[in-house]
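Fold and geometry: a report
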Amino acid sequence: MVAFRIEDIRILTQKLFLGTDFDEFLLKEANIVTFNSFTIDGHIRQGFYSDDELEMMQIEDFSAWKRIRPICFSLIKGKKLPGSFHINLQAAPKQIREFLQAGPGLPVSEEQIKGLYLHIRYEEGKLYCVTGTSLAFFTLDKTVEMEWDEYAGQFLRKKGIAAVKE
C-alpha cells in the first residue's frame, strides 16, 4: 500500500468526475459529504438485472465507475467545495489481466486476486490516492502489492496527474 498525494486537485477531480480516465474501474463504495453525507454502495443488487442483461451489458459484481460518475458529479458540482469525498475503486477483470501481463512472473494467477484497489480521498483540502490489494490466500510475499503500487503510480503519470509518494 502506498499513498500518493495529488499535487493539483483540480486536474484529478476533472479527470475523475468529468473525463473518462477512470471509467474502466468498478465502484466499490463512494462517500460524498456536501450539505448531506451521501453513501453509494457499488454492489450490483441481485435480481435487478436479468441474466441476459448482465451478459449483454457485461455487468460485474460492482457498478462501473462510468455509470456512477455522473451521479457523483451531480453531488459535488456547485460553487462550494465538498467537505470531503472517499471513492473506492476496484480494478475490473480486464485491468487485472493487463496488470498481470505488464508484470510477467508475478507469483499469482487472475483467480487468486480478489481485488486491486485505488482509494481516492479528499479531506481537509488535500487529495490522496491510496493503493490496496487483496489476495485469496495468505502470503508474506509483497511482490503483487509492490507491483500494483508501481502500476498505479504509472497510471496516474500516464493520465497527466502529478502525484508524490508519501
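Heads up: the structure comes first, above all this text.
The following refers to the structure shown. Per chain, the residues get numbers from 1 upward, laid out in the order the sequence is written. With pLDDT at 70 or above as the cut-off, local features in this predicted model cover only qualifying residues; side-chain atom pairs require 80 or more to be listed or tallied, and sums for whole chains, interfaces and linings still use all residues. The basis for every side-chain value is the complete set of non-hydrogen atoms in the structure, without hydrogens or water.

1. Focus: the side chain of D149
Heads up, the condition is: A helix here means a DSSP run of H or I that spans at least four residues, while a strand means a run of E at least two residues long, and both kinds are numbered starting from the N terminus. A 1.4 Å probe rolled over the protein chains alone gives each residue an accessible area, and that area as a share of the maximum for its type sets the label: buried under 20%, exposed over 50%, partly exposed in between. Counted as positive: Lys and Arg. Counted as negative: Asp and Glu, with His and the chain ends omitted from the count. When a carboxyl oxygen of Asp or Glu is within 4 Å of a side-chain nitrogen of Lys or Arg, the pair counts as a salt bridge. Two N or O atoms form a polar contact when they lie within 3.5 Å of each other; inside protein one atom must be a possible hydrogen donor and the other a possible acceptor, and for residues adjacent in sequence the pair counts only when both atoms belong to side chains. Note on contacts: a residue pair is in contact if any heavy atoms of the two residues lie within 4.5 Å.
Here D149 shows up in helix α5 (residues 143-158). K165 provides the closest opposite charge to the buried, salt-bridge-free D149, at an N-O distance of 6.5 Å. Separated by 3.5 Å, the side chain of D149 and the backbone nitrogen of M1 make a polar contact. Excluding residues that lie within four positions of it along the chain, D149 makes contacts with M1, V2, F4 and T131.

2. Section: a negative patch on the surface
To keep it simple, the criterion reads: To count toward a patch, a residue needs a relative accessible area over 30% and no salt bridge; like charges are then connected within 9 Å, while nonpolar side chains (Val, Leu, Ile, Met, Phe, Trp, Tyr) are connected within 5 Å. All accessible areas in this document rest on Shrake-Rupley with a 1.4 Å probe, and a residue is counted as covered only by the protein chains that are shown. For charged residues, the charge sits on one atom: NZ in Lys, CZ in Arg, CG in Asp, CD in Glu.
A cluster of acidic side chains, namely D51, D52, E53 and E55, defines a negative patch on the protein surface. Relative to the elements of secondary structure, E53 occurs in helix α2 (residues 51-56).

3. Points about the pattern of salt bridges
Scanning the model with the defined rule gives 6 salt bridges in all. The salt bridge involving R69 is made with D23; its shortest N-O contact spans 3.0 Å. Placement of the pair is R69 in helix α3 (residues 65-76) and D23 in the loop between α1 (9-17) and β2 (26-33), with a sequence separation of 46 residues. When sorted by exposure, R69 lands in the same class as D23, which is buried. Of the charged contacts in the structure, one is a salt bridge between E150 and R157, with a shortest N-O distance of 3.5 Å. Taking the relative accessible area as the measure of exposure, R157 reaches 52% and is therefore exposed.

4. A look at the nonpolar core
To be explicit about the condition: As used in this record, nonpolar core signifies buried Ala, Val, Leu, Ile, Met, Phe, Trp, Tyr and Cys residues forming a set joined through side-chain atoms within 4.5 Å.
In terms of nonpolar packing, the biggest core is built from 28 residues, with L12, L16, F22, I87 and I120 touching the most fellow members. Only β1 (3-6), α1, β2, α3, β5 (84-90), β6 (113-123), β7 (126-135) and α5 provide two or more residues apiece to this core. Among the elements that make up this core, the one with the highest residue count is α3 (4 residues). Residues in contact with L12, not counting those within four places in the same chain, are I6, F22, I120, L127, C129, L156 and I161. Counting residues in each nonpolar core, the second largest holds 10 residues, with F99, L106, V108 and W148 among its members.

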